[in-house]
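If you want the building blocks of each chain, they are given just below.
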Protein chains: 2
Amino acid sequence: MPKKDKNKAQESNGNATDSSQQKNISLKDVAASLKLSPTTVSVVLNYSPLADSIPQETKDRIFEAARNLNYRPNYIARSLRNQRTHTIGVLIPEMSDGYSAAVLSGVEEKLLQEGYFYFVASHHHREDLIERNTQFLVARCVEGILAIDTPIHHQSFLPIVSISGHDRIKGVTNIVLNHETAAQLAIEHLHKLGHRKIGVIKGQQFSSDTEVRLNTVLSAAQKYGVQIENNWITQLIGDDPSPETGYLATKKLLSHGAEFTALLAFNDISAIGAIRALREGGLIVPNDVSIIGFDDITAAEYHNPALTTIRQPLKKMGSLGAEHLLQNIQKNPADTLSLEITVEPDLIIRQSTAKNQNSER
Amino acid sequence: MPKKDKNKAQESNGNATDSSQQKNISLKDVAASLKLSPTTVSVVLNYSPLADSIPQETKDRIFEAARNLNYRPNYIARSLRNQRTHTIGVLIPEMSDGYSAAVLSGVEEKLLQEGYFYFVASHHHREDLIERNTQFLVARCVEGILAIDTPIHHQSFLPIVSISGHDRIKGVTNIVLNHETAAQLAIEHLHKLGHRKIGVIKGQQFSSDTEVRLNTVLSAAQKYGVQIENNWITQLIGDDPSPETGYLATKKLLSHGAEFTALLAFNDISAIGAIRALREGGLIVPNDVSIIGFDDITAAEYHNPALTTIRQPLKKMGSLGAEHLLQNIQKNPADTLSLEITVEPDLIIRQSTAKNQNSER
DNA sequence: TCGTCTTACTAAATCGTTTTAGTAGTATTT
DNA sequence: AAATACTACTAAAACGATTTAGTAAGACGA
């Protein structure tokens, strides 16, 4: 009776087409094809210690059958049983602003390495969407949440890691830039070039870095004896992710004749807008005004003039964030303490800053 | 015996802290608290037609209990039972190149609207990673795959939509730019400005648009009587996503003294690199050479000079792709036909192109 | 020879839902 | 007054894995 030995999968697959056709093979099918129980097959395929007593010969048969039938464990069933989804949720303000994407690339690399996937949800700086998306992610059974440049107000039963967030919440790990060093690098650089009067473009209200950035810059300025008058400070308005906001902010600054010799922009995007506004005002960068950006996005290097900027290690911040989130997931939620991890900025000198040539001002 | 009426959830929650503490409430818990069966609770909460015979009063009690206990159905259990994950997989070359992010923002918007989430996996143009990531996504039980600028070689039992892909595979829906129009817009624009000798920067070998882009440009050039010599064509080499590749390609072009008056770059990134190379070669854009980019990434507008470019509606391509993928998922896999959906490019005129002033060449 | 150990497995419970197939009890029809 | 239909539910199977708690058969020791 050789016919009877034919296994199920082969029988069900009438014409021998390529592998794209057949219905999914379950553990039960593999077990049936071997006349073993699902239990045995499961423990063997999972290298469970329970399989210690199973003879090697049987194990080999099981592995072979699994291969031949192209058995792929059903992730959903496994997740249900094990109460692990190996999935995390990522909250970002905006997909297409460059910043989030840079951080995400670090996040992705680390997560994939560890067998995790992630869901992304963007909230466009709207509080209600942050709340809603968080709930969606929790409903999807993510094991933790990574909040990129996104304010987090309540603590949660899920592990949370916040990247460039500025709320101190119990149990939330923060990945932040060393803002003191960043401000110091910028001010020191301009000071060395002979600038003593500096204008500043603040970030938008909603941007989590806005406040620290300004404060650290002001105290660094004081330390170096550099002058920053209140009316040399302007602010980005609105959530347009293009340089337009920086352009408008700088126009306003110029309109009341501020007399700084260098300008410190909130980020590279706004620095680019600022340069355009200055050029339209007849001021050449860096000859008349030096300008320094922040972040070091790709465009910074290839802008004309190439931007001097304070680089944030965005990709690294992403992978660090992912790493700590996974650590917290492993841990008992009770003993995850609030941690703050600081990464260091770099000063990248290019062509948008130069020696102060205004002997007068 | 009033004590006995206390329901489970209240009992288990010793001290009345905020909602962040309690363990998850299951359907069974809700049912038990009402002394009903899980069946009844399930049909009512799902508005199943089976609930028709349940009196309104009972329904109200059920809804109320669900609210009070803060019942959230377990997505995993539901997915297992219904064989639907409401999750799709997205393949991209690179997270941080701007292009993918722009498309993704359209994808995300559409998917979230329809209650779907997505997993992203990037492959950095490596065939083995494309293969591996696809398998990972399938193992995660995604309902379909969206391939962004990613070559797809085999058909699959899963619905696939390809955005800017160029393989025609049975059952795969393609979202593509109208490349003929794009080429025509570019050549026509340069022709109108008096340019008759045009250089071209081809894309990398691995980029799916490379071939069509060149072919459509060549035939448009022929149509308009514009000259493109073979040695005025250069190619991007390597997978550096920065303008460096465009810079190097253009250097090479200049090194053997090509005499074009306008240059058509593969994309905006390479156009930016090209401009730098030209400038270093003593050629001013657009006075000496006009240059036209492709894509219209954000940086294009704020570059100096602002780039004239052919805009691809990337976000729209993303949302169209997502839309069609969801449609194919609804359908019977047998009757999804190979479809090609074309989107239209726009010519965006800025400052990198100008009238041909080289009377001689 | 009885009891204990080891080997090589398996039955059944479980994760949290949805769905199929009932079942009492009452109301309506014939 | 029996047959039928409706109301208001429930028990149990199913989705596809993992894990707990066995069991039958043979080996070994006292």
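Take the overall build of chain A next. A count of helices and strands for chain A gives 13 helices and twelve strands. A compact globule built from 361 residues should have a C-alpha radius of gyration of about 21 Å, whereas chain A, at 28 Å, is more than 25% larger. C-alpha atoms of chain A, sized along the principal axes, occupy 105 × 45 × 35 Å. Looking at chain A residue by residue over its 361 residues, the buried ones come to 46%. Across chain A, contacts joining residues at least 24 apart in sequence account for 71% of those joining residues at least 6 apart.

Once that is clear, we can look at the relation of the copies chain A and chain B. When chain A is brought onto chain B, the operation consists of a screw motion whose angular component is 180° and whose axial shift is 0.1 Å, with 0.1 Å RMSD remaining. Here the two chains are linked by the operation of a two-fold rotation axis. A symmetric contact is evident, with 100% of the interface residues of chain A recurring at the interface of chain B.

The local shell around DNA strand C holds 28 residues, among which Ser37(A), Leu27(B), Ser42(B), Asn74(B) and Ala77(B) are the closest. Listed by contribution, the elements that provide at least two residues to the surface near DNA strand C are helix H3 (38-45) and helix H5 (75-82) of chain A together with helix H2 (27-34), helix H3 (38-45) and helix H5 (75-82) of chain B. Of the residues forming the surface near DNA strand C, the biggest block, five residues, is contributed by H5(B). Looking at the surface near DNA strand C, its residues break down into eleven nonpolar, 13 polar and four charged.

Let us now look at the interface of chain A and chain B. At the interface, 39 residues of chain A touch 39 residues of chain B. Breaking the side of chain A that touches chain B down by element, the ones donating at least two residues are H5, helix H6 (99-113), strand E2 (117-122), helix H11 (268-280) and helix H12 (298-302) of chain A. Here the side of chain A that touches chain B is built from residues that sort into 20 nonpolar, 15 polar and four charged.

Residue and element names in this part refer to chain B. If you trace the six strands from one edge of the open sheet to the other, you get E7-E6-E8-E9-E10-E12, paired in mixed fashion. Looking at strand neighbours, the two that pair on one side only are strand E7 (233-235) and strand E12 (346-348), the edges of this open sheet. Strand-to-strand twist of the sheet, defined as the mean angle between neighbouring strand axes without regard to direction, takes the value 20°. As defined by bridge partners, strand E6 (residues 198-202) adjoins E7 across three bridges and the pair is classed as parallel. Bridging across to E7, Val200 finds its partner in Ile233. Of the strands in this sheet, E6, strand E8 (262-264), strand E9 (290-295) and strand E10 (308-311) touch helix H11 (residues 268-280), which is tilted by about 155° from E9.

All names here are of chain B. Counted residue by residue, strand E5 (residues 172-177) has five buried out of six residues, so it is predominantly covered. By the bridge criterion, four bridges tie strand E4 (residues 160-163) to E5 in an arrangement that is parallel. Residue Ile163 lies in a different strand from E5, and its bridge partner there is Ile175. When E5 meets strand E11 (residues 340-343), the two strands line up parallel, connected through four bridges. Considered in E11, the bridge of Val176 is made with Thr342.

Bringing the sheet that holds strand E8 (residues 262-264) of chain A into the picture now. Residues and elements named next belong to chain A. Strand order in this open sheet of six strands is E7-E6-E8-E9-E10-E12, and the pairing throughout is mixed. Taken across any chain shown, the strands that pair with only one partner, and hence form the sheet edges, are strand E7 (233-235) and strand E12 (346-348). Going across the sheet, the axis of each strand differs from the next one's by a mean of 20°, ignoring polarity. The strands touched by helix H8 (residues 179-192) within the sheet are strand E6 (198-202), E8, strand E9 (290-295), strand E10 (308-311) and E12, with E9 carrying the most contacts at an inclination of about 165°. On top of the sheet, helix H9 (residues 210-224) reaches E6 and E8; it is set at about 165° to E6, its chief contact.

With that out of the way, let us pick up the pairing of E6(B). Consecutive side chains of a regular strand alternate in pointing toward one face of the sheet and then the other. Residue and element names in this part refer to chain B. The buried fraction of E6 is high, at five of five residues. The alternating pattern of E6 places Ile198, Val200 and Lys202 and Gly199 and Ile201 on opposite faces, both of which are buried. By the bridge criterion, three bridges tie E6 to E8 in an arrangement that is parallel. The residue bridging Gly199 from the neighbouring strand is Leu263, located in E8. What joins E6 to E7 is helix H9 (residues 210-224), and the crossover it makes is right-handed.

This brings us to the protein's contact with DNA strand D. The full set close to DNA strand D counts 27 residues, and Ser26(A), Ser42(A), Asn74(A), Ala77(A) and Ser37(B) are the nearest of them. Listing elements by their share of the surface near DNA strand D, those giving two or more residues are H3 and H5 of chain A together with H3 and H5 of chain B. Considering each element in turn, the surface near DNA strand D owes the most residues, five residues, to H5(A).

Once that is clear, we can look at the environment of His154(B). Residue and element names in this part refer to chain B. Inspection of the secondary structure assignment puts His154 in the loop between strand E3 (145-148) and E4. Among the residues examined, His154 registers 14 C-beta atoms within 10 Å and is labelled partly exposed. Counting along the chain gives 103 residues from His154 to Ala51, while the straight-line C-alpha distance between them is 45 Å.

In this section: the packing of helix H8 (residues 179-192) of chain B against H9(B). Residues and elements named next belong to chain B. Relative to each other, H8 and H9 sit at 45°, their axes nearing to 8 Å. In terms of orientation, H8 and H9 fall into the oblique class. In terms of crossing hand, the pair formed by H8 and H9 is right-handed. Residue-level inspection shows His179, Glu180, Ala182, Ala183, Gln184, Ile187, Glu188 and His191 of H8 in contact with H9, the latter providing Val212, Arg213, Thr216, Val217, Ala220, Ala221 and Tyr224. Residues belonging to the contact of H8 with H9 are distributed by class as follows: eight nonpolar, four polar and three charged.

This next bit is on unusual backbone geometry. Residue Pro305(A) is bonded to the preceding Asn304(A) through a cis peptide linkage, with omega at 0°. With a phi close to 65°, His125(B) is a non-glycine residue in the positive phi region. Tracing the backbone shows His125(B) in the loop between strand E2 (117-122) and helix H7 (127-139).

So, about the nonpolar core. One finds Ala265(A), Ala274(A), Ile291(A), Ala265(B), Ala274(B) and Ile291(B) to be the most contacted residues of the largest nonpolar core, which totals 88 residues. Beyond its immediate chain neighbours, meaning those up to four positions away, Ile291(A) contacts Ala262(A), Leu263(A), Ala265(A), Ala271(A), Ala274(A), Ile275(A), Val285(A), Pro286(A), Ser352(A) and Thr353(A). With 86 residues, the next largest nonpolar core counts Val120(A), Leu158(B), Met317(B) and Ile329(B) among its residues.

All names here are of chain A. Between its first and last C-alpha atoms H11 spans 19 Å; for 13 residues at 1.5 Å apiece the expected length is 18 Å, and the two agree. Counting buried positions along H11 yields eleven of 13 residues, so the element is predominantly enclosed. Listed in full, the buried residues belonging to H11 are Asp268, Ile269, Ser270, Ala271, Ile272, Gly273, Ala274, Ile275, Arg276, Ala277 and Leu278.

Our focus in this paragraph is the packing of H3(A) against helix H4 (residues 56-68) of chain A. Packed helices, taken two at a time, are described by their axes: the angle between them and the distance between them. Residue and element names in this part refer to chain A. Two numbers describe how H3 lies on H4: the axes approach to 10 Å, and their chain directions differ by 90°. Classified by the interaxial angle, the pair formed by H3 and H4 is roughly perpendicular. Contact with H3, carried on its side by Val41, Val44 and Leu45, involves Lys59, Ile62 and Ala66 of H4 and no other residues of that element. Looking at side-chain class alone, the contact of H3 with H4 contains five nonpolar, no polar and one charged residues.

Quick notes on the rules
- Residues numbered from 1 in each chain as written.
- Chains lettered and ligands numbered in written order.
- Predicted model: local features only at pLDDT ≥ 70, side-chain atom pairs only at ≥ 80, totals over all residues.
- Helix = DSSP H or I, 4+ residues; strand = E, 2+ residues; numbered from the N terminus.
- Rg over C-alpha atoms; globule rule 2.2 N^0.38 Å.
- Buried ≥ 20, exposed ≤ 12 C-beta atoms within 10 Å, placed from the backbone.
- Contact = placed C-beta atoms within 7 Å.
- Least-squares fit on C-alpha atoms with pLDDT ≥ 70 in both.
- Near = placed C-beta within 6 Å.
- Nonpolar A, V, L, I, M, F, W, Y, C, P; charged D, E, K, R; others polar.
- Pairing = 2+ DSSP bridges.
- Axes fitted to C-alpha atoms, helices over the stretch in contact; angles between N-to-C directions.
- Right-handed = clockwise from strand over helix to strand, strands pointing away.
- Parallel < 35°, antiparallel > 145°, perpendicular 65-115°, else oblique.
- Left-handed = near helix turned anticlockwise from the far one by under 90°.
- Core = buried A, V, L, I, M, F, W, Y, C linked by C-beta atoms within 7 Å.
- Expected span 1.5 Å × (residues − 1).

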